[in-house]
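Each chain is listed here by its residues.
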Amino acid sequence: MTHDEALKQLSHLARERAFGRHVGSDRLIQAGLDALIAGFESPSLALLAGLLRSEEPEAPELFDQVLEELGLAFHPPADPRAAK
């Protein structure tokens, strides 16, 4: 996976979650692993990418931390019309 592909994946998942869609922990962990392999670096990224199945409940919080650290956090507009 290229740097741009990993960035697009992280951004897409961030938007999905921001609009209230459920994103499985397995997808968040895989996105973290893909980003790590693509060369992204942040304090929480390796933690996210290395989560075990028993640690999956930690993935959403770590994913949010990764987004903040990479400057990719997405906050939808408060106006529902603008959000569409």
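These numbers were taken from a predicted model, which means no experiment stands behind them.

Undergrad: Describe in detail the overall build of the protein chain, supporting the description with residues and values.
TA: Secondary structure summary: the protein chain contains five helices and zero strands in total. Each helix and strand of the protein chain, placed in order from N terminus to C terminus, yields the pattern α-α-α-α-α. Here the C-alpha atoms of the protein chain give a radius of gyration of 13 Å, agreeing with the 12 Å that 2.2 N^0.38 yields for 84 residues. Across the 84 residues of the protein chain, 35% fall into the buried class. A separation of at least 24 residues holds for 56% of the contacts in the protein chain among residues at least 6 apart in sequence.

Undergrad: Could you give an account of the side chain of glutamate 16, naming the residues involved and the relevant values?
TA: If you trace the backbone, glutamate 16 turns up in helix H1 (residues 3-18). Not counting the four nearest positions on each side in its chain, glutamate 16 is found in contact with Arg21, Val23 and Arg27.

Undergrad: Talk me through the environment of alanine 59; I want residue IDs and the actual numbers.
TA: Structurally, alanine 59 is set in helix H4 (residues 59-70). Taking the C-alpha atoms as reference points, alanine 59 and arginine 17, 42 residues apart in sequence, are found 13 Å from one another. In contact with alanine 59, other than residues within four places in its own chain, are Ser25, Leu28, Ile29, Leu48 and Leu51.

Undergrad: Describe in detail the environment of proline 43, supporting the description with residues and values.
TA: Residue placement: proline 43 occurs in the loop between helix H2 (25-37) and helix H3 (45-49). For proline 43, a relative accessible area of 66% corresponds to the exposed category. Taking the C-alpha atoms as reference points, proline 43 and valine 66, separated by 23 residues in sequence, lie 7.6 Å from one another.

Rules of the game
Every chain is numbered on its own, with residues counted from 1 as its sequence reads. Under the rules for a predicted model, residues below a pLDDT of 70 receive no local features and side-chain atom pairs below 80 are neither given nor counted, while totals for whole chains, interfaces and linings still include all residues. Based on all heavy atoms of the structure, the side-chain values leave hydrogens and waters out of the count. Each helix corresponds to a stretch of at least 4 residues labelled H or I by DSSP, and each strand to a stretch of at least 2 residues labelled E; elements are numbered beginning at the N terminus. To get the radius of gyration, use the C-alpha atoms; to get the globule rule, take the number of residues to the power 0.38 and multiply by 2.2 Å. Summary of the burial criterion: residues with accessible area below 20% of their type's maximum are buried, those above 50% are exposed, and those between are partly exposed, where the area comes from a 1.4 Å probe applied to protein chains only. Pairs of residues are marked as contacts when any of their non-hydrogen atoms sit within 4.5 Å.

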